[in-house]
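The lines below spell out each chain.
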Amino acid sequence: MEAMLVDCVHSSLRHFVYKNAIFMCERLCAEFPSEVNLQLLATSYLQNNQAYSAYHLLKGTQMAQSRYLFALSCFQMDLLNEAESALCPVNEPGAEIPNGAAGHYLLGLIYKYTDRRKNAAQQFKQSLTIDPLLWAAYEELCILGAAEEATAVFGETAALSIQKQYMQQLSTSLGLNTCNEERNSISTKNMSSEDYSPRQSKHTQNHGLKDISGNFHSHGLNGGVSNTSFYNTPSPVAAQLSGIAPPPLFRNFQPAVANPNSLVTDNSPKSTVNSTLQAPRRKFVDEGKLRKISGRLFSDSGPRRSSRLSADSGANTNSSVATVSGNVSNASKYLGGSKLSSLALRSVTLRKGHSWANENIDEGVRGEPFDDSRPNTASTTGSMASNDAKSCDQEDETMSIGGTTMNAQRITIGVSEILRLLRTLGEGCRLSYMYRCQEALDMYMKLPHKHYNTGWVLSQVGKAYFELIDYLEAEKAFRLARQASPYCLEGMDIYSTVLYHLKEDMKLSYLAQELISTDRLAPQSWCAMGNCYSLQKDHETALKNFLRAVQLNPRFAYAHTLCGHEYTTLEDFENGMKSYQNALRVDTRHYNAWYGLGMIYLRQEKLEFSEHHFKMAFLINPSSSVIMSYLGTALHALKRSEEALEIMEQAIVADRKNPLPMYQKANILVCLERLDEALEVLEELKEYAPSESSVYALMGRIYKRRNMHDKAMLHFGLALDMKPPATDVAAIKAAMEKLHVPDEIDESP
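Residues numbered from 1 in each chain as written. Predicted model: local features only at pLDDT ≥ 70, side-chain atom pairs only at ≥ 80, totals over all residues. Heavy atoms only, no water.

### So, the nonpolar core
The biggest cluster of nonpolar side chains holds 75 residues, and the ones touching the most others in it are Leu87, Phe124, Tyr138, Phe154, Leu419 and Tyr444. Examining the composition of this core, we find that eight residues originate from one element, helix 19 (residues 408-433), more than from any other. Once you skip the residues sitting within four places of it in the chain, Phe154 turns out to touch Pro132, Trp135, Tyr138, Leu419, Leu422 and Arg423. (Core = buried A, V, L, I, M, F, W, Y, C linked by side-chain atoms within 4.5 Å. Buried < 20%, exposed > 50% of the residue type's maximum accessible area, 1.4 Å probe, protein only. Helix = DSSP H or I, 4+ residues; strand = E, 2+ residues; numbered from the N terminus. Contact = heavy atoms within 4.5 Å.)

Next comes the structure, spelled out in structure tokens:
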């Protein structure tokens, strides 16, 4: 009963019927109270987003897995101190963190959210050491700016670690199969006598099942139930084989039965023939070496298979069964089940003229014909022995992973391919979070076409173009990401900001409505909605939407920053500073918040504070020409013009298309009375920004300073024709009125 309930719960979890899983697991815990069953109930609660129920269920538990689930429920409830105590008990300072890599990863997140960045980085690195395929830990290291090069993380050490892990699974799988075969052989030995009776069968069913219950009701790590058949064709006694040659030095072979879950007696003609073929098991070599030999059938003499295949066909109750005409295969070749296993079918029927297919790593799966009408048992036995010896020389140990038969060679090849892919993705991710965006784009371009055109990669490409202020390419990348993953909201907050900068109000409105209809509880949806209202100059409504995003996810740093931008636009500097500071509490490397604080201090003429915050943003993102421009502006305001010119030169080199650093450089040169150099810069700037009114206004001031009044009036008029903001219009008109007043130039447009 317990095994059936456990299997029912796992089946409900696999099929996402969480309500049924919780109900049946409560019945399980009531009937069989144990901590393992409580863990299963807590897992069901967590899957159904009932962290509070899991929290109270596991409070005070001591088992490692229970502590991990309790910590996870605390983390979901934002009880970070309790979660940390569960993973690292105070009274057990030397205790191992439960659940291996996942436990270290969870502890790293706790440290990250409690602003212990170094400890968080250590935990993420430890989780990667245990499981190099835990990509989420590497991405968190990239976010923290503590990631090593991907070639080091996903290199030879990682390959050896993964290979060791799967080789252990391979040996364990083979060992378990051998144990099951031996147990099945022992359990059926008493049923192999010639005078077998129904009374003996009843006695075996009533009393012998308890001894071999591990085959039928054994729980794995995941609580699954093994349905391995423990009824096999009885083995003959030695007296029956007096005239037959000794068996080969491999596993004893057991013939197939019509139904592995039904009892085959000696009344069956086939079993009578097979009983004369079966030799008793004899130890000629070391038992450990015998276990390394695959239990597959290599004979072409008849419809036979090893007991390992029999166990697999009985245990694989969820595999698809397909009727195959002609050649059939005994294993799925491709991941995803493109070629379905037909072992369960073969246990029932076998077409005449075809044998069990042999696995071949290089050539795929093939079947060989046979003739089942040959009565010569001696030749059959010899054929079995020769084919077994030949096949054991050609093939390695195998196990099934995800429906695909794997062996040592395939594991090595698979690990190499996965790590090669992760090295490219990891290096692109690391460069992206270090804001070396052009290098990151070059790295992503090395990906295969099928991986490049996925939602995650295209979203990362869009973010890189956004940081490079190439909004057209960013919009294209995000649009393709939407097509690849239309219901994924990752990066959609940045996409909405891209559309905001491009002033694509219709596209932005459509995107916001789509995101809200997809998931109205996601902060990205409300960020897009807020950007839509902000583009329409409805800043109060935009602020309400950004605050809604913060309410839904207080750890979403970008939502805090967008709130700060709206507060700054509304000239509510106090709340703006609070929003930026909240963003930095969530993510200290969120340079947008440092930049926002610098802008507020610059507008308040707190120049030292402004310089400090711009420098912090610059240290995080040293390739941003916008940050460098405003840092130069702050330095110029502090009368450090030479330093300002140097930083402006860096900004111009960083992004030739950005007109801001060139304009600020010209402005600094004007203040330094280097008018000719300033005019050269502005003439070049007109090619990049031909419709920027401030460029023509500054040129008018320079010509006025040089007493070239006609050219000054011309450029002031051109500036007004560009329809500048109202404040700029007033400044330009004032300069035109004072055109003939000598030695006067405005500092700002």
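### Thoughts on the confidence of the model for the protein
For residues with low pLDDT, the predicted coordinates do not support detailed interpretation. Mean pLDDT over the protein: 75, with 67% of residues reaching 70 or higher. Below pLDDT 50 for its whole length, residues 190-396 participates in 291 contacts with residues either more than four positions away or in separate chains. Low confidence marks residues 744-749, where pLDDT is under 50. Its contacts with residues over four positions away, or in another chain, come to 15 contacts. (pLDDT = per-residue confidence, 0-100.)

### Some words on unusual backbone geometry
The residue Lys503 is not glycine, and still its phi comes out positive at about 60°. Structurally, Lys503 is set in the loop between helix 24 (492-501) and helix 25 (505-518). Lys503 sits in the exposed class, given a relative accessible area of 60%. Despite not being glycine, Lys639 shows a phi value in the positive range, around 65°.

### With respect to the packing of helix 1 (residues 2-14) against helix 3 (residues 35-47)
It is the contact of helix 1 with helix 3, at a shortest axis distance of 11 Å, that shows an interaxial angle of 20°. It follows that helix 1 is roughly parallel to helix 3 by the angle criterion. The way helix 1 lies across helix 3 gives a crossing that is left-handed. Side by side, helix 1 and helix 3 meet where Glu2, Val6, Val9, His10 and Leu13 of the first sit next to Asn37, Leu40, Ser44 and Gln47 of the second. Of the residues belonging to the contact of helix 1 with helix 3, the class tally is four nonpolar, four polar and one charged. (Axes fitted to C-alpha atoms, helices over the stretch in contact; angles between N-to-C directions. Parallel < 35°, antiparallel > 145°, perpendicular 65-115°, else oblique. Left-handed = near helix turned anticlockwise from the far one by under 90°. Nonpolar A, V, L, I, M, F, W, Y, C, P; charged D, E, K, R; others polar.)

### Concerning the environment of Trp456
Within the element layout of this structure, Trp456 appears in helix 22 (residues 455-467). Of the residues examined, Trp456 reaches a relative accessible area of 25% and is grouped as partly exposed. Separated by 35 residues in the primary sequence, Trp456 and Gly491 have C-alpha atoms spaced 8.7 Å apart. The contacts of Trp456, once residues within four sequence positions are left out, are Trp135, Glu139, Leu425, Cys429 and Tyr444.

### Comments concerning the pattern of salt bridges
Taken as a whole and assessed by the stated rule, the structure comprises 19 salt bridges. With its nearest N and O atoms 2.2 Å apart, the salt bridge here joins Arg555 to Asp78. You can see Arg555 sitting in the loop between helix 27 (539-552) and helix 28 (557-569) and its partner Asp78 sitting in the loop between helix 5 (64-76) and helix 6 (80-87), a full 477 residues away along the chain. Overall, the relative accessible area of 28% leaves Arg555 in the partly exposed class. When the shortest N-O distance is used, the salt bridge between Glu677 and Arg674 registers 3.0 Å. Residue classification places Arg674 among the partly exposed residues on the basis of a relative accessible area of 31%. (Salt bridge = Lys/Arg side-chain N within 4 Å of Asp/Glu carboxyl O.)

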